[in-house]
Amino acid sequence: MNESLQSMLRKLRLSGLAQSLDVRLQEAAGHSLSHAEFLELILQDELAVRSDRQIARRVKAACFGDTKTLEDFDFSFNPSVKKKQLFDLATCRFIRESRDVLLLGPPGVGKTHLAKAIGYQAVKADLTVLYRSIFDVVREFLHDEATQPDDKVLNRYLKPDLVIIDDMGMKQLPKRSGEYLFEIIMRRHENRSTMMTTNRPLEDWGKLIGDVPSATAILDRFLQHAEVITITGKSYRLRNNGKDEPDKTRPNPKKQDKPDDDSCRQDGA
């Protein structure tokens, strides 16, 4: 490829086409491709690169921390996880129908992995996703209340097609947590989809939040159109000789004051 052609491709921002053009030229000559066939191939290359970049941007914006897939989940370890049900959720039909999902079960059974995997499928389906632990949610609202009275954080939770709130029940939440969570659930109800994970029975949410009326109002709206998936069984992290292994998918409650990715900070929203 000559310099003039490279320069024109850069100006047109056709980097995907530029990467594959030399190979495609050889392929066209070797297989006697028509002009239309050649053009179709190089445009497919450009579209593939753009699609990959868009997915990468949406994954970064989702704040997954680490990406999980359903293909990587060990369904054989825990028979209570219904594979068909999870793959049905991965079609993202529930998101397009503005329905909600609750993953309920003890620690270690794969709730975070499954939530992130479904979120990743949504990203690949050209949907916007935001993943946060309940600790992130509360901390960001407290920070917003102290420094930004313009509802910037609330708007961040209202825009995505799917919001995933993880770790409900890990420990008792600070004062006013129920108000913040209720605001998110109420405003997203029947407009956008929300997925939550919890390791505590729903009747305990009032104690966790420290506000029984708020917990009742949250569950009343959230469960109206929610698919509740109950997972039982042993901890996957304790499968090796009973030794606990660190859960790379769950934020450490002791380290919640500092997000791993600067782009996931409140002021980067």
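First, a word on what this report is: a plain description of the structure on this page.

1. Details of the overall build of the protein
A count of helices and strands for the protein gives 11 helices and five strands. In the protein, which comprises 269 residues, the share counted as buried stands at 46%. Residue pairs at least 24 apart in sequence account for 79% of intrachain contacts in the protein once pairs closer than 6 positions are excluded. Split by element, the accessible area of the protein, about 14,700 Å² in all, is 51% carbon and sulfur.

2. Considering the sheet that holds strand β3 (residues 162-168)
In space, the five strands of this open sheet follow the order β2-β3-β4-β1-β5, with parallel pairing throughout. At either end of the open sheet lies a strand with only one pairing partner, and these are β2 (129-133) and β5 (226-230). The sheet shows a mean angle of 15 degrees between the axes of neighbouring strands, direction not considered. The pairing of strand β1 (residues 100-104) with strand β4 (residues 193-198) spans four bridges and is parallel.

3. Quick look at the packing of aromatic side chains
Tallying each qualifying case throughout the model produces six aromatic pairs. Each ring, one from F75 and one from F87, has its centre 6.1 Å from the other, and the planes form 35 degrees; the classification is tilted. A residue pair is termed long-range when its members are at least 10 positions apart, and F75 in the loop between α3 (35-62) and α4 (83-89) and F87 in helix α4 qualify at 12 residues. In this structure F75 comes out as buried when scored by relative accessible area, which is 13%.

4. Re the packing of helix α2 (residues 15-31) against α3
Contact pair α2 / α3: the axes reach a minimum separation of 9 Å and the direction vectors enclose 150 degrees. With respect to α3, the axis of α2 lies roughly antiparallel. For the element pair α2 and α3, the recorded crossing hand is right-handed. Along its contact with α2, which presents S15, G16, L17, Q19, S20, L21, R24, L25, E27 and A28, the element α3 presents F38, L41, I42, D45, E46, V49 and R53. A class-by-class count of the residues in the contact of α2 with α3 yields eight nonpolar, four polar and five charged.

5. Side note on the pattern of salt bridges
One pass over the structure, following the stated rule, counts 16 salt bridges. In this structure, R24 and E27 form a salt bridge, with 2.7 Å as the shortest nitrogen-oxygen distance. Of this pair, R24 and E27 are both found in helix α2, three residues apart, which corresponds to roughly one turn of the helix. Taken together, the shared-partner salt bridges in this structure form one network comprising R132, D136, R139, E140 and R156.

6. Here's the deal with the environment of A226
Mapped onto the fold, A226 is located in strand β5. Separated by 33 residues in the primary sequence, A226 and S193 have C-alpha atoms spaced 9.2 Å apart. Ignoring any residue separated from it by four or fewer positions in sequence, one finds A226 in contact with D100 and V101.

Scoring rules and cut-offs
- Residues numbered from 1 in each chain as written.
- Predicted model: local features only at pLDDT ≥ 70, side-chain atom pairs only at ≥ 80, totals over all residues.
- Heavy atoms only, no water.
- Helix = DSSP H or I, 4+ residues; strand = E, 2+ residues; numbered from the N terminus.
- Buried < 20%, exposed > 50% of the residue type's maximum accessible area, 1.4 Å probe, protein only.
- Contact = heavy atoms within 4.5 Å.
- Areas by Shrake-Rupley, 256 points an atom, 1.4 Å probe, with all protein chains shown as cover.
- Pairing = 2+ DSSP bridges.
- Axes fitted to C-alpha atoms, helices over the stretch in contact; angles between N-to-C directions.
- Phe/Tyr/Trp six-rings, centres within 6.5 Å; stacked < 30°, edge-to-face > 60°.
- Parallel < 35°, antiparallel > 145°, perpendicular 65-115°, else oblique.
- Left-handed = near helix turned anticlockwise from the far one by under 90°.
- Nonpolar A, V, L, I, M, F, W, Y, C, P; charged D, E, K, R; others polar.
- Salt bridge = Lys/Arg side-chain N within 4 Å of Asp/Glu carboxyl O.

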